[in-house]
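Residues per chain, in single letters:
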Amino acid sequence: MAVSEQAGTEAPGAGRRPPSPWRILNPVRGQIRLAMAISAGSALFALGVMVSLTLVIRALLERPEIMPWGPLGAAALCTVAAYAARLGAFNQAHYAAFRLERILRIGLANRLARVSLGYVEAQGAGALAKVIHDDVKALHVFVADSTPLYARAYVTPVVTFALLWLFDWRLALVALAVLALGWGILRGAQRRRRDMVRAYNAAREKVSAAVVEYVQAMPVVRNFDSGESSFGRYQAALDGYLAVMLDWYRAAGFPARFSWLMLGPMPTLTLVLGAGLWFSAMGDLSVPRWLGVLLACTGMAEAMMPMMMLRHMIEKVGLSVARIEEVMAAPDLDEAGAMPPGPLAFDPAAPALRFDRVRFSYAPDLPPALDDVSFEVARGSVTALVGPSGAGKTTVARLVPRFWDVSAGQIEIGGHDIRKIGAGRLMQQVAFVFQESFLFADTIAANIRIGRPEATEAEVIAAARAAQAHDFITALPQGYETRAGERGVFLSGGQRQRIAIARALLQDRPVLVLDEATAFADPENEAELIAALSELMRGRTVIMVAHRLATIRDADQILVFERGRIVERGSHAALVGQGGLYARLWQNYETAQNWSLGAAREGI
């Protein structure tokens, strides 16, 4: 899978080898190949230094009275060229890494903007942020620092062995035998490596989760268990982590350490030195050739360790590649759009909104959240959704703007299946005010303009006035240019909600979905919020999830949900008169409204 330039977890498929990072590098593959070629050139120039020094030694041994300026000059030029090529390779690799990082992050952001909100919520903000930040950063580090070393790690041993063979094939085989022995021991030590890495990552994640849980739940911990059970989970996670590490150390400790010793330059140099002494004593090896072998063989040995480290890094970055590819492969909502571009022509005889035998489940193995739900909403009317917790009210509200797609049946706006309208065009018809509004760490004006960045200052102020927000905004230090802070932390809940209502007013969309927009309002802000919502609802088709039943007494129709089905429908008066579920909910609501501390004490 390639990411076009326009565009905490286990790797998918436990037990399978992580995917190679190379296939995701297509946008910068040419630049990476150039960096690797330059790096290979650097390795060749470094070997040229060794050859030149060998020629210098041979010339001095043959005619010590003459300085071998030619080979010395060649050694100097090769040294400069090797360092220049190494610097150029790392420059090219870093340029490619920065470019790839930008391409991947833009591609991931664009993908998340087109997938269903259900996918985003199912993955979790933390996991997706990790993919966009940590996994992309891991690929950046791999491209920037490892690809030049990758070329040198494979070119140096091959060319060095060929050079050793030219000097003396016997000593070349001695050097190769040492490295082959070390490689074989290391491979044996790593037979369980993949399973152990998986166990290690799982144990470490348990420790991290236990730490986060213990710290975040500190108020509960201190009030209920004094840390005994929660700290016990943390201690158990640490014990499990320690057991995995000890098992790994015992299984691969000595073979791994011994193999790393064998793959170092000293064993190779020692054996080649000993073999060379033997051949030289027998008069079967000249001193210049022997010294040339000693200079060259260390290069082959030193290249083996980077090769092993790169192999480990490739496996590690493969996990990041898998997570990036998983997000990039998430289904695009617009893929289902089949309507031609252009203005939408709504059927004037069709209802503004229609649910036709809708069935929906959040996951294939979960029971349906909605089952055979059908209803119509007339243009300009208000439909309230009520019912016990978990009855399916919020699910209905979030299916309208296509945060999820239905499992069966269909939802129509103006006579068109919303799956054929396309997500972008659909959101031009639907405004959604969440139960808890999110504000960006930007100015108040910028937060109101989201969705209509071209709106004039007068339009922003008019929307804020209608949302009962203008007075408190102008009282802020910089007025509309005051920054809301991260997630709107500098504003109260009611103020954030009124800014969200102003945002929806400015967008001026015909269908409005309210997901209990007054749920967290305090008494001081509730009246202003209700006034703002009344202005927002004027002339629009409204779907309203309600927990405070008093706010929906005048709704044109009330749909009562229970266990994912509509069990009652009608006006407030008619439903109360039926004596069914809505009547019981209304009675419970009135009882709660009349509750007081004095009445509670009298009941003790």
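Read on for an overview of the structure. (Residues numbered from 1 in each chain as written. Predicted model: local features only at pLDDT ≥ 70, side-chain atom pairs only at ≥ 80, totals over all residues. Heavy atoms only, no water.)

Below, the discussion takes up the pattern of salt bridges. Applying the stated criterion across every chain yields a total of 12 salt bridges. Between R354 and D356 there is a salt bridge, and its shortest N-O distance comes to 3.8 Å. Between R402 and D405 there is a salt bridge, with the nearest N and O atoms lying 2.7 Å from each other. Given the relative accessible area of 2%, R402 is considered buried. (Salt bridge = Lys/Arg side-chain N within 4 Å of Asp/Glu carboxyl O. Buried < 20%, exposed > 50% of the residue type's maximum accessible area, 1.4 Å probe, protein only.)

Time to look at helix α15 (residues 457–466). Residues of α15 that are buried: V460, A463, A464 and A466. Buried residues of α15, seen end-on, are gathered within an arc of 165° and therefore sit on one face of the element. Away from its buried face by more than 90 degrees, α15 exposes E457, A458 and R465. Following α15 by one or two positions, Q468 has its phi on the positive side, about 60°. (Helix = DSSP H or I, 4+ residues; strand = E, 2+ residues; numbered from the N terminus. Arc of directions from axis to C-beta.)

Another point: the nonpolar core. Of all hydrophobic cores here, the largest spans 44 residues; its most connected members are I448, I552 and I558. At 6 residues, helix α17 (residues 493–507) tops the list of elements feeding residues into this core. The next biggest cluster of nonpolar side chains, apart from the first, holds 32 residues, and it includes F360, V406, I421 and F432. (Core = buried A, V, L, I, M, F, W, Y, C linked by side-chain atoms within 4.5 Å.)

With that out of the way, let us pick up empty space enclosed by the protein. Size it by volume and the largest cavity reaches roughly 30 Å³. Looking at the largest cavity, the residues that line it are L399, R402, W404, D405, V406, I411, D417, I418 and R419. By residue class, the composition of the lining of the largest cavity is 5 nonpolar, no polar and 4 charged. (1 Å grid on protein atoms, 1.4 Å probe; cavity = no way out; pocket = protein on both sides within 12 Å on 5 of 7 lines; lining within 4 Å. Points joined across faces, edges and corners; volume = space filled by probe spheres on them. Nonpolar A, V, L, I, M, F, W, Y, C, P; charged D, E, K, R; others polar.)

By themselves these figures say nothing about function.
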